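# Residue-level structure breakdown
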Amino acid sequence: MTKAEILSKVKKPLIMLIISVVVIVVSLCSIKTITASAQAAPKTSTSTTQQADKNDGNILDGFLNVKDNNGTLELVLLITILSIAPSLLILMTSFTRIIIVFSLLRNALGIQQTPPNQVLVGLALFLTFFIMSPVLKQMDKVAYEPYKKGEYSTMEAAKKASVPLKEWMLKQTTKSSQQFFLDLADKEMPKDNIAENLGLEVVVPAFIISELKRAFIIGFLLYIPFLVIDIIVASTLMSMGMIMLPPAMISMPFKLLLFIMINGWELLVGSLVAGFN
């Protein structure tokens with residue numbers, strides 16, 4: 001083997017070794033410089049850290065100040081109400097009766113997808129806000145405004161706010177439903193201040209049962225005229241020998257025409273709104 005061949009084989013490992021040594025030396029110098037800088041300014045770093053901790057502590061103390069009724073507790077209460085808002089809207093307002101009546105009306109007309117669910121739910125929501133607005137104003141007056149002024153604690157404000165809502169629900173609830181759930185709970189009807197002394201565990205289910213009953217009664221009454229149209233159309237088709245022609249397809253235009261002629265939407269919505277005490 002010649003000298004040139006030996007040098008060519010040793011050249012690459014030698015270059016890699018030199019590069020490795022240079023990298024190690026540079027790394028050690030960098031580490032030494034960083035360590036010296038950190039040891040040169042310990043007081044500055046410590047004071048900065050203490051100041052940051054102090055600022056964080058002040059922010060935390062301000063956030064956790066339970067004496068501030070307009071601060072953290074109000075935020076927690078608002079988040080809690082928003083988390084259970086769908087249940088409150090469905091179970092403790094006029095929404096239940098309205099949406100069930102709208103669904104039964106759509107079935108009675110024989111149109112399963114029109115109006116779409118979004119339209120019916122939106123209309124039911126706005127009617128619910130319209131019907132419940134006096135109750136909401138009263139709740140704001142007797143509970144939320146004093147709570148903002150610091151006159152009530154969170155629990156006291158919640159109890160005060162529930163009284164107007166329970167009064168409204170009890171006006172819509174039948175006596176039989178109230179007594180039914182009182183018997184199940186093994187309780188007696190309070191003699192005075194029923195809305196204050198009767199708990200939500202009795203008022204809410206009694207109210208829901210009463211709303212379902214009234215909604216089904218209204219749905220039954222809605223079905224009668226459209227059922228008559230179906231019977232007339234089916235009898236006419238049978239007498240003409242058109243057995244294969246679906247009666248529902250022929251009766252639908254007549255149902256829509258009847259509903260339009262009597263101004264059905266305004267009549268239905270007006271009856272629903274007037275039906276709440």
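Look up: the structure comes first, before these words.
This part covers the overall build of the protein. A tally of helices and strands in the protein yields 12 helices and 0 strands. Counting from the amino terminus, helix and strand elements in the protein follow one another as α-α-α-α-α-α-α-α-α-α-α-α. For the protein, the share of sequence-separated contacts (at least 6 apart) that also reach a separation of at least 24 residues comes to 74%. As displayed, the protein has an accessible area near 18900 Å², and 70% of this comes from carbon and sulfur atoms.

Looking now at the pattern of salt bridges. Any two side chains of opposite charge can pair if their charged atoms end up close together. According to the stated counting rule, one finds 2 salt bridges in the structure shown. A salt bridge links arginine 97 to glutamate 211; the nearest nitrogen and oxygen atoms lie 2.7 Å apart. You can see arginine 97 sitting in helix H5 (residues 95-109) and its partner glutamate 211 sitting in helix H10 (residues 200-239), a full 114 residues away along the chain. The buried category is assigned to arginine 97, whose relative accessible area is 3%. Residue lysine 255 pairs with aspartate 230 through a salt bridge whose shortest N-O separation is 2.9 Å. Of the two residues, lysine 255 is situated in helix H11 (residues 247-261) and aspartate 230 in helix H10; the sequence distance between them amounts to 25 residues. Classification of lysine 255 by relative accessible area gives buried; the value is 5%.

Interhelical geometry of H5 versus helix H12 (residues 264-274) gives an angle of 150° and a closest axis separation of 11 Å. With respect to each other, H5 and H12 are oriented roughly antiparallel. Here the hand of the crossing between H5 and H12 comes out right-handed. Across the interface between the two elements, Arg97, Ile98, Val101, Phe102 and Leu105 of H5 pack against Trp265, Leu268, Val269 and Leu272 of H12. Grouping the amino acids of the contact of H5 with H12 by side-chain chemistry returns 8 nonpolar, no polar and 1 charged.

On to a nonpolar patch on the surface, then. Together, Ile217, Phe220, Leu221, Ile224, Val228 and Ile232 line one region of the surface with nonpolar side chains, adding up to about 570 Å² of accessible area. Assignment of secondary structure puts isoleucine 217 in helix H10.

This next bit is on the packing of aromatic side chains. One pass over the structure, following the stated rule, counts 6 aromatic pairs. By the ring-pair criterion, three or more aromatic residues cluster together here, those being Phe102, Phe226, Phe259 and Trp265. The residue whose ring lies beneath arginine 97 is phenylalanine 276, and the NZ or CZ to ring-centre distance is 3.9 Å.

Our focus in this paragraph is the environment of glutamate 188. By secondary structure assignment, the location of glutamate 188 is in the loop between helix H8 (175-184) and helix H9 (194-197). Overall, the relative accessible area of 74% leaves glutamate 188 in the exposed class. When the C-alpha positions of glutamate 188 and leucine 198 are compared, they lie 9.3 Å apart, and in sequence the two are 10 residues distant.

Attention shifts here to the nonpolar core. Of all hydrophobic cores here, the largest spans 42 residues; its most connected members are Ile98, Phe102, Leu105, Leu165, Trp168, Met169 and Leu268. When residues of this core are traced back to their parent elements, those giving at least two are H5, helix H6 (117-148), helix H7 (154-172), H8, H10 and H12. Residues contacting tryptophan 168, with those up to four places away along its chain left out, are Met92, Thr93, Ser94, Ile131, Met132, Val135, Phe207, Phe276 and Asn277.

An α-helical turn contains 3.6 residues, so any two residues separated by three or four positions project in the same direction. Under the 1.5 Å per step criterion, the end-to-end length of H5 is 21 Å for 15 residues, consistent within 8% with the ideal 21 Å. Taken across its 15 residues, H5 has 13 buried, putting it largely inside the fold.

Reading the values: the criteria
Residues numbered from 1 in each chain as written. Predicted model: local features only at pLDDT ≥ 70, side-chain atom pairs only at ≥ 80, totals over all residues. Heavy atoms only, no water. Helix = DSSP H or I, 4+ residues; strand = E, 2+ residues; numbered from the N terminus. Contact = heavy atoms within 4.5 Å. Areas by Shrake-Rupley, 256 points an atom, 1.4 Å probe, with all protein chains shown as cover. Salt bridge = Lys/Arg side-chain N within 4 Å of Asp/Glu carboxyl O. Buried < 20%, exposed > 50% of the residue type's maximum accessible area, 1.4 Å probe, protein only. Axes fitted to C-alpha atoms, helices over the stretch in contact; angles between N-to-C directions. Parallel < 35°, antiparallel > 145°, perpendicular 65-115°, else oblique. Left-handed = near helix turned anticlockwise from the far one by under 90°. Nonpolar A, V, L, I, M, F, W, Y, C, P; charged D, E, K, R; others polar. Patch = residues over 30% accessible without salt bridge, like charges linked within 9 Å, V, L, I, M, F, W, Y side chains within 5 Å. Phe/Tyr/Trp six-rings, centres within 6.5 Å; stacked < 30°, edge-to-face > 60°. Lys NZ or Arg CZ within 6 Å of the ring centre and 35° of its normal. Core = buried A, V, L, I, M, F, W, Y, C linked by side-chain atoms within 4.5 Å. Expected span 1.5 Å × (residues − 1).

The quantities given are spatial measurements derived from coordinates; they are silent on function.
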